[in-house]
Amino acid sequence: MSSQQASDPALWTLTEAQAALSRKRISSLELTKACLARIERIAPKLNSFLSIDREDAFKAARAADRARARGDKRPLLGVPLAHKDMFARKGKTMSRGGRQSFAPDDQDATAIARLSAAGALHLGPLHMNEFAFGPTGHNEHDGPARNAWDVTRITGGSSSGSATSVAARLVFGALGSDTGGSVRMPAHFCGVTGLKTSYGRVSRAGAMPLSFTLDTIGPLTRTAEDAAQIFSVIAGFDPRDATTSTSAVPKPSAAKAPVAGLTVGLPDAFYTENLDATVARAVEEMVAALKSLKIKVKRVTLPDQARVNAACQVVIGAESTAIHKPMLIGSPEKYGDQVRNRLENGFGYTAVEYIEAMRFRAVALSQHLAATAGCAAILAPTCPTVAPTIEETDVRGGGNAEVVIQQITRFTRAANLLGLPALTIPSGFSDSGLPAGLQFVGAPYTEDALLAIGAAVQRVTGHHLRVPPVE
Amino acid sequence: MTDKPKATPDAVAITAARGGYRVDEAAAKRIANAISPALTNFDCPALTLPMSEEPSGWDQRAKPERRS
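Bear in mind that the values here come from a model prediction, so they are computed numbers and not experimental data.

Draft legend 1. Molecular detail of the overall build of chain B. Across its full length, chain B holds two helices and zero strands. Burial status across chain B gives 38% buried among its 68 residues. When contacts within chain B are restricted to residue pairs at least 6 apart in sequence, those whose partners lie at least 24 apart make up 47%. Of the roughly 4,200 Å² of accessible surface on chain B, a fraction of 56% belongs to carbon and sulfur atoms.

Draft legend 2. Structural view of the packing of helix H5 (residues 110–117) of chain A against helix H8 (residues 224–234) of chain A. Residue and element names in this part refer to chain A. Across the interface, H5 lies against H8 with an axial gap of 8 Å and an inter-helix angle of 110 degrees. For the element pair H5 / H8, the angle class is roughly perpendicular. Considering only the axes of H5 and H8, their crossing is right-handed. Contacts between H5 and H8 involve Ala111, Arg114 and Leu115 on the former and, on the latter, Ile230, Val233 and Ile234.

Draft legend 3. Layout of the packing of helix H2 (residues 14–22) of chain A against H8 of chain A. All names here are of chain A. The interhelical angle for the contact between H2 and H8, taken along N-to-C directions, is 70 degrees, at an axis separation of 8 Å. Classified by the angle their axes make, H2 and H8 are roughly perpendicular. Here H2 contributes Leu14, Thr15 and Gln18 to the contact with H8, which in turn contributes Glu225, Asp226, Gln229 and Ile230. For the contact of H2 with H8, a count of residues per class yields two nonpolar, three polar and two charged.

Draft legend 4. Seen up close, the pairing of strand E1 (residues 80–84) of chain A. Residue and element names in this part refer to chain A. Most of E1 is tucked away: five of the five residues are buried. Judged from the four bridges that link them, E1 and strand E2 (residues 121–126) form a sheet pairing that is parallel. The residue of E2 that forms the bridge with Pro80 is Leu121. Taking the sense of rotation as the criterion, the β-α-β connection linking E1, H5 and E2 turns out right-handed.

Draft legend 5. Local environment of the environment of Glu273 of chain A. Of note, Glu273 of chain A is situated in the loop between strand E6 (263–267) and helix H9 (277–292). Between the alpha carbons of Glu273 of chain A and Pro384 of chain A there is a distance of 7.7 Å; along the sequence they are 111 residues apart.

Draft legend 6. Examining the environment of Ala174 of chain A more closely. Residues and elements named next belong to chain A. Structurally, Ala174 can be placed in strand E3 (residues 173–178). When the C-alpha atoms of Ala174 and Ile295 are compared, they prove to be 30 Å apart, with 121 residues separating the residues in sequence. Excluding its chain neighbours within four sequence positions, the residues that come into contact with Ala174 are Ala82, His83, Leu126, Ser162, Val166, Gly218, Pro219 and Leu220.

Draft legend 7. How the structure looks around the sheet that holds strand E10 (residues 435–441) of chain A. All names here are of chain A. Ordered in space as E3-E5-E4-E9-E10-E8-E6-E7, the eight strands form an open sheet in which the pairing is mixed. Both outer strands of the open sheet, E3 and strand E7 (296–300), are each paired with one neighbouring strand and no more. This sheet shows a mean twist of 30 degrees between the axes of neighbouring strands, independent of strand direction. For E6 and strand E8 (residues 377–381), the ladder comprises two bridges, and the chain directions are parallel. Along E8, the bridge assignment pairs Val264 with Ala377. H8 contacts E3, strand E4 (193–196), strand E5 (216–221) and strand E9 (422–429) of the sheet and is inclined by roughly 145 degrees relative to E5. This element, helix H15 (residues 447–460), spans E4, E6, E8, E9 and E10 of the sheet and lies at about 15 degrees to E9.

Draft legend 8. Representation of the nonpolar core within the structure. Residues and elements named next belong to chain A. Judged by nonpolar contacts, the single largest core of 154 residues is most densely connected at Phe440 and Ile453. Per-element tally for this core: the top contributor is helix H10 (residues 305–330), with ten residues. Those residues in contact with Ile453, other than ones at most four positions away along the chain, are Val259, Leu262, Val264, Leu290, Ile295, Ala376, Ala377 and Phe440.

Draft legend 9. Main features of unusual backbone geometry. Residues and elements named next belong to chain A. Geometrically, the link from Gly157 to Ser158 is a cis peptide bond, its omega value of 10 degrees lying close to zero. Structurally, the position occupied by Ser158 is in the loop between E2 and helix H6 (160–167). Even without being a glycine, Phe270 presents a positive backbone phi close to 65 degrees. Take Phe270: it is sitting in the loop between E6 and H9.

Draft legend 10. Layout of helix H2 (residues 25–35) of chain B. When we look at burial in H2 of chain B, the residues that qualify are Ala27, Ala28, Arg30, Ile31, Ala32, Ala34 and Ile35 of chain B. Among the residues of H2 of chain B, the N-terminal cap falls to Asp24 of chain B, whose side-chain oxygen and the backbone nitrogen of Ala26 of chain B are separated by 3.3 Å.

Draft legend 11. Examining the packing of aromatic side chains more closely. All names here are of chain A. Counting across every chain of the model gives eight aromatic pairs over all chains. Measuring from centroid to centroid gives 5.1 Å for Phe270 and Tyr271, while their planes differ by 80 degrees, and the two rings are edge-to-face. As far as burial versus exposure is concerned, Phe270 and Tyr271 are alike and both buried. By the ring-pair criterion, three or more aromatic residues cluster together here, those being Phe102, Phe131 and Tyr335. A cation over a ring is seen here: Arg342 above Phe133, with NZ or CZ 4.1 Å from the ring centre. Between Arg466 and the ring centre of Phe429, over which it is positioned, the NZ or CZ distance is 3.7 Å.

Draft legend 12. Structural view of the pattern of salt bridges. All names here are of chain A. Summed over the entire model, instances satisfying the criterion amount to 14 salt bridges over all chains. Across the pair Arg38 and Glu471 runs a salt bridge whose closest N-O atoms are separated by 2.6 Å. One end of the pair, Arg38, is in helix H3 (residues 28–46); the other, Glu471, is in the segment after H15, with 433 residues separating them in the sequence. For Arg89, the salt bridge goes to Asp53, with nearest N and O atoms at 3.3 Å. Here Arg89, found in the loop between E1 and H5, pairs with Asp53, found in the loop between H3 and helix H4 (54–69); they are 36 residues apart in sequence, far enough to count as distant. One network of salt bridges, in which partners are shared, links Asp8, Arg38, Arg41 and Glu471.

Procedures and definitions
- Residues numbered from 1 in each chain as written.
- Chains lettered and ligands numbered in written order.
- Predicted model: local features only at pLDDT ≥ 70, side-chain atom pairs only at ≥ 80, totals over all residues.
- Heavy atoms only, no water.
- Helix = DSSP H or I, 4+ residues; strand = E, 2+ residues; numbered from the N terminus.
- Buried < 20%, exposed > 50% of the residue type's maximum accessible area, 1.4 Å probe, protein only.
- Contact = heavy atoms within 4.5 Å.
- Areas by Shrake-Rupley, 256 points an atom, 1.4 Å probe, with all protein chains shown as cover.
- Axes fitted to C-alpha atoms, helices over the stretch in contact; angles between N-to-C directions.
- Parallel < 35°, antiparallel > 145°, perpendicular 65-115°, else oblique.
- Left-handed = near helix turned anticlockwise from the far one by under 90°.
- Nonpolar A, V, L, I, M, F, W, Y, C, P; charged D, E, K, R; others polar.
- Pairing = 2+ DSSP bridges.
- Right-handed = clockwise from strand over helix to strand, strands pointing away.
- Core = buried A, V, L, I, M, F, W, Y, C linked by side-chain atoms within 4.5 Å.
- Polar contact = N/O pair within 3.5 Å; in protein donor to acceptor, adjacent residues only side chain to side chain.
- Phe/Tyr/Trp six-rings, centres within 6.5 Å; stacked < 30°, edge-to-face > 60°.
- Lys NZ or Arg CZ within 6 Å of the ring centre and 35° of its normal.
- Salt bridge = Lys/Arg side-chain N within 4 Å of Asp/Glu carboxyl O.

Listed below in structure tokens is the structure:
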């Protein structure tokens, strides 16, 4: 920990904050005040918070401090978090990134309820792409979120506010959702750790749906160890979401498991194409870091990823349109041009095309698992380039919008179609100081291995420790 | 991967209308351009149920042993 980090508790990692709280070196109220001071100073520059729940946060922090004094040892007791504005919170309206406010739900989303039950505080709703349907962080209603490393650059999306808030050390962690890359893409562009969970691992009850067979929920944090803390709280079977698994949930200590002797696969095609110099160098350096940890790296030949991506485009297109159809027909003016146009695209697919894409998923996963047999994960770029500018990616409803979006997300969609977990971690910086994140993609329900690899890498690299110059 | 015939604006307009949504000529053309790259042959085995292949993959959470 640097001297600056020692003096400003908002710069600690979540794990460091937990330790300081449990040793009573700091109170939750002091920690919350430190975060809120930083939020009030920096969040407006990033357009990352839609509102700040200041009084609720202070009330909850005081309650956490009283609980700790009584011996309460819940894992996230008094830790300030904030989340993408798509998770229901009892009595609170939610924008879902849209033009209007949606009426309050009568109960919290399960992921939020589990975080609250573990003692976490929630500081306010965060910016997101409209209805989570976009990979850049643009929003025609709220304006673009801005990257903490360079405010003229995109954050990535759709968990835009989550990523840039965690990068700027405004909160210790944030929930995002990942349907085609929406946790990993902003983690890459903003230099934070993002965990896309296996399909069925984390309940979506009370979370806004986009594509019901692709949607997943996961944390964005400063480190893999921090991600393990949040993941272990939110994962697991939920009777409110019939797609959730009853399989055992890894404990936070999974991030400390030994990694020597594991094998990581390095794809020999597709994920090697059109990489910029920073991303290409990050891959080389990551391979060296893995080898220093005695992790074997071997080349793997994956099945046709273009076809996997095509199937994902059909599935997300058809499912998102089906979900939005009543509002799209009844109130099309409530959508921004880009999202309305993309939702209209879904009307073009036939039922047979959708079913063929769905059937292909099992075939594609079988091929993927055969190609990666013996590997704990594959290593791949999350995106071919570091963050472009907000201006150059502002395609709005233009005729080329879908093509641009499909290009940006071409390295992330496979994990969604196949239901795989994937962990993006900060892996390098451009000469101009923009981060690049690489992803480790595992077999279904192997988040524990990904977190162990990510944490091990972060013990021998320092990319996750850099703080953006956004003051 | 074998190419399939791509979407045409006329076909898109008809499919959308059957879904209860009217699109004009410009929108139908834009939609056809946007979705055509994804229309490929996925070469799934014939005469098998959608979820009969092993491993069942993305839907594995639905296996009985994974449910309480």
